[in-house]
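# Reading the structure
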Amino acid sequence: MTDSKYFTTTKKGEIFELKAELNSDKKEKKKEAVKKVIASMTVGKDVSALFPDVVNCMQTDNLELKKLVYLYLMNYAKSQPDMAIMAVNTFVKDCEDPNPLIRALAVRTMGCIRVDKITEYLCEPLRKCLKDEDPYVRKTAAVCVAKLHDINAQLVEDQGFLDTLKDLISDSNPMVVANAVAALSEIAESHPSSNLLDLNPQSINKLLTALNECTEWGQIFILDCLANYTPKDDREAQSICERVTPRLSHANSAVVLSAVKVLMKFMEMLSKDLDYYGTLLKKLAPPLVTLLSAEPELQYVALRNINLIVQKRPEVLKHEMKVFFVKYNDPIYVKLEKLDIMIRLASQANIAQVLAELKEYATEVDVDFVRKAVRAIGRCAIKVEQSAERCVSTLLDLIQTKVNYVVQEAIVVIKDIFRKYPNKYESVIATLCENLDSLDEPEARAAMIWIVGEYAERIDNADELLESFLEGFHDESTQVQLQLLTAIVKLFLKKPTETQELVQQVLSLATQDSDNPDLRDRGYIYWRLLSTDPVAAKEVVLAEKPLISEETDLIEPTLLDELICYIGTLASVYHKPPSAFVEGGRGVVHKSLPPRTASSESTESPETAPAGAPPGEQLDAVPTQGDLLGDLLNLDLGPPVSGPPLAASAVQMGAVDLLGGGLDSLIGATSFVAPPAAAVPANLGAPMGSGLSDLFDLTSGVGTLSGSYVAPKAVWLPAMKAKGLEISGTFTRQAGTISMDLQLTNKALQVMTDFAIQFNRNSFGLAPAAPLQVHAPLSPTQTVEISLPLSTAGSVMKTEPLNSLQVAVKNNIDVFYFSTLYPLHILFVEDGKMDRQMFLATWKDIPNENEAQFQIRDCPLNAEAVSSRLQSSNIFTVARRNVEGQDMLYQSLKLTNGIWVLAELRIQPGNPSFTLSLKCRAPEVSQHVYQAYETILKN
């Protein structure tokens, strides 16, 4: 007999009977009783009164009975916490049971009992299970840590479980690795700021090894974890792609999509010239096509993801058009999605095939689908110019069918075709006008009115046609009313003598008889324009319209990049970032694709601090919009500045200060007074003693000049924070001139113009020495490189950190603010070599408490190479000497504000660690000079 007998209703005294059976001596009777209890609990009966009797049944060797009791315990522990404590001893005992299944069962149940009182008792058993010899127990314990963290995060951290979990990533068993990754990812999601999954090439290698051997769900966890890693260069990205590619042939569609996500993300770092890049593109298509042979629900998820992939990389599926052709039995949601992708893939090569298919769809019975198909024909005309004529004739054929909704959709798309190809297809207007009476939808009526108004001079009875719409003006939707108002004003400007009465009638209806503020405002503007300056009215209303773009429904590039990072999740189905639909306390981290790179040297992730920033320290002083004063948007660019760098506080860029002085309060520091240019002691000619005078008997080891070190460009302003403008940059010093090398990328859908830049006051008076020259408008997806010369004659104010720079950049869209750190070596001047005698006197004169000592590690250069490399960045070796086998370099450098820094660099041949001693009258500079040494010597 099946288990259904346990769910049959029984008589009134059931609880008492069950109680007796639970306390029976017979094992079988006891098991039957527990099954009945679980059945009652499942159908919603309250059997919590039996808690002590069920808990007594835990003391058994029977695994099935133990599972049932644990199930009961999980359900009622929250409502009976005091009783649940009775079970703790059994848990502890079961965690040491010789049977690994029982050990795992105990630890799994422990994690599901969400009672604070019990939690602390479970730490020791959990610790043992995390180090259990059996991998089944370890993998269960790994997930238990995540559950425990959800109940009491502080306890998990104090007990050191997170470190144990990190160690499990190196476990020999792939399932343990997968569960450890899953648990850490889950914990990291609820604490976005914590860097739990500290991925490096070694741990990535372990994950990739485990990937081949674990279960399908384990593979998904590992692939999702890999997708959060940013490889250090294109070689590492290619290596990971090669090892992930076999997952594309997996039977589980979730594994396939996770693998596609990793490959799509890492392809961003591969050069398009690589053979491997082309191979990878070819490998991506078959698995995506295979997903379309699954059931409709899976097809829909696959299609939504393919929609994103096609927008990012249309070349992946450009030869696979046929798989997106609609089948007669596809559900409507699959049909509409396929149609969308067909248009995205439409090109000159396949347009004939696509049009034939779309024309077929337009005769279907499903109204929504037919509408979308007709609209798709119009989108093809706009996208592929060569097909426009064929598309228009197809639309005219469809209009001849006289099917009402087909005619209306056709008129809407023909309006867009007129906008894209002016003066080309206006011969069809007569056919459109014949169908005027059948239009009943607002969008179709508005489109037809626009056509009549725009081409009024070609339509003999345009005034009659528009007058027919005017009769029921107040019954029309707002969209139609606004379009009618504009169309009649256009008609009046083209045929003033015949339509004066008509225009007065519509202006009166719009301004006096309407409650709609938009309509009233537009009516008054037209009225005043026509009454005061008809010539201006003509210029405004009949101005040449910009051509409409090919794809108006593309996802904005920065959002698309973020959604590519969420392939295979709900975000990729909704086409919205998680922050738009995930509620609750969990922080949602914005993800972005890694920057494209050609080699390892130019790779710099957007999260990396600019060169010269201390390790692990990011500048967090970006001003908020509310803190900034002044009228920011009316920046008026002054004429280009010629001649020597300005000595003023900043380049004059019109009357308005971009920063408006509002940043000062953010920095909150006192003014920084630069020391006098000659920071050399007055008693320099005094007699020298203390045995230092013999240091300078040797010739100095000076290398050849090879140019100052330039850090790779870093992303300073991500497009997401600047309405599509991405700014990357770095600082350079060449031949005594400091420059800010900028790369501006337009990731928005509109053209950017009118660029200007301004710096806030800073420690060394850095300011632009010329306006920001962007010679041509910056079109969407376009990138431009600019070198902005800088002077050090700007306003000075000490900042924290000393080398921080706050920048405002304006364009025609808005003013944007960002903060960066500049490497101090750009301020080292060319005349920074001190005379030996002066060096000795200055070193003695600077107090000993101003001396700072630093270690430079992992630098395999010898003294010659060190001296040469530092000199190229204006750190000059005054003298060199060998003391007890150690090379001692004595060096000097001078900053742009006249501060001298003296250095002693001790190099032990064969030892990659150097000792650097710095002396300076402004000791706060020393830390940044040390960072400059590190940057120059290690790059």
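Note: the structure precedes this text.
Residues numbered from 1 in each chain as written. Predicted model: local features only at pLDDT ≥ 70, side-chain atom pairs only at ≥ 80, totals over all residues. Heavy atoms only, no water.

Moving on to the overall build of the protein chain. On a plain count of helices and strands, the protein chain comes out with 37 helices and 13 strands. For the protein chain, the residues scored as buried account for 52% of the 939 residues in total. For the protein chain, contacts bridging at least 24 residues in sequence account for 69% of all contacts bridging at least 6. Summed over its atoms, the accessible surface of the protein chain is roughly 42,600 Å², and 51% of this surface lies on carbon and sulfur atoms. (Helix = DSSP H or I, 4+ residues; strand = E, 2+ residues; numbered from the N terminus. Buried < 20%, exposed > 50% of the residue type's maximum accessible area, 1.4 Å probe, protein only. Contact = heavy atoms within 4.5 Å. Areas by Shrake-Rupley, 256 points an atom, 1.4 Å probe, with all protein chains shown as cover.)

Quick look at the pairing of strand β9 (residues 851-856) now. Every second residue of β9 is oriented toward a common face, the buried set being Ala852, Phe854 and Ile856 and the non-buried set Glu851, Gln853 and Gln855. With six bridges connecting them, β9 and strand β13 (residues 914-920) associate as antiparallel partners. Bridged to Ala852 within β13 is Leu918. (Pairing = 2+ DSSP bridges.)

Attention now goes to the side chain of Arg103. Looking at the element boundaries, Arg103 is found in helix α7 (residues 100-112). Beyond its immediate chain neighbours, meaning those up to four positions away, Arg103 contacts Asp94, Cys95, Glu96, Asp97, Pro98, Cys129, Asp132, Glu133, Asp134 and Val137.

This part is about the sheet that holds β9. What the five strands build is an open sheet, ordered β9-β13-β12-β11-β10; its pairing is antiparallel. The sheet is open, and its two borders are formed by β9 and β10 (876-883), each paired with just one other strand. Ignoring strand direction, the axes of neighbouring strands in this sheet form an average angle of 20°. In terms of strand pairing, strand β12 (residues 900-907) meets β13 through six bridges, oriented antiparallel. (Axes fitted to C-alpha atoms, helices over the stretch in contact; angles between N-to-C directions.)

A separate point is the nonpolar core. Residues Tyr72, Phe91, Leu126, Val244 and Phe418 are the most contacted members of the largest nonpolar core, which totals 214 residues. In this view, Tyr72 contacts Val37, Ile38, Met41, Val47, Ser48, Leu50, Phe51 and Val54; residues no more than four positions away in its chain are not counted. (Core = buried A, V, L, I, M, F, W, Y, C linked by side-chain atoms within 4.5 Å.)

Scanning the model with the defined rule gives 11 aromatic pairs in all. Linked through ring pairs, Trp716, Phe731, Phe818 and Tyr822 together constitute an aromatic cluster. For Lys335, the ring lying beneath its charged end belongs to Phe369, and the centroid distance is 5.2 Å. (Phe/Tyr/Trp six-rings, centres within 6.5 Å; stacked < 30°, edge-to-face > 60°. Lys NZ or Arg CZ within 6 Å of the ring centre and 35° of its normal.)

Turning our eyes to something else, we now look at a negative patch on the surface. Residues Glu464, Glu467, Glu471 and Glu501 make up a contiguous surface patch of negative charge. For Glu464, the position within the fold is in helix α27 (residues 462-470). (Patch = residues over 30% accessible without salt bridge, like charges linked within 9 Å, V, L, I, M, F, W, Y side chains within 5 Å. Salt bridge = Lys/Arg side-chain N within 4 Å of Asp/Glu carboxyl O. Lys, Arg positive; Asp, Glu negative; His and termini not counted. Charge placed at Lys NZ, Arg CZ, Asp CG, Glu CD.)

Attention now goes to the pairing of β13. Of all seven residues making up β13, seven are buried, and the element is well covered by its neighbours. With antiparallel pairing between neighbouring strands as the criterion, β12 and β13 make up a hairpin whose turn holds six residues, including Gly910 at a positive phi of roughly 90°.

Between Glu800 and Pro801 the backbone carries a cis peptide bond, its omega angle lying at -5°. Along the chain, Pro801 falls in the loop between β6 (783-791) and β7 (804-810). You will see that Lys402, though not glycine, has its phi angle at about 60°, which is positive. Relative to the helices and strands, Lys402 resides in the loop between α23 (388-400) and α24 (404-420). Although it is not a glycine, His575 sits at a positive phi angle of roughly 60°.

Further remarks concern the packing of helix α36 (residues 863-871) against helix α37 (residues 926-938). Interaxial distance between α36 and α37 falls to 10 Å at its minimum, and their mutual angle equals 110°. In terms of their interaxial angle, α36 and α37 are classed as roughly perpendicular. Taken as a pair, α36 and α37 cross one another with a handedness that is right-handed. Counted together, Val866, Arg869 and Leu870 of α36 and Tyr933, Ile936, Leu937 and Lys938 of α37 form the full contact between these two elements. Of the residues that constitute the contact of α36 with α37, the class distribution is five nonpolar, no polar and two charged. (Parallel < 35°, antiparallel > 145°, perpendicular 65-115°, else oblique. Left-handed = near helix turned anticlockwise from the far one by under 90°. Nonpolar A, V, L, I, M, F, W, Y, C, P; charged D, E, K, R; others polar.)

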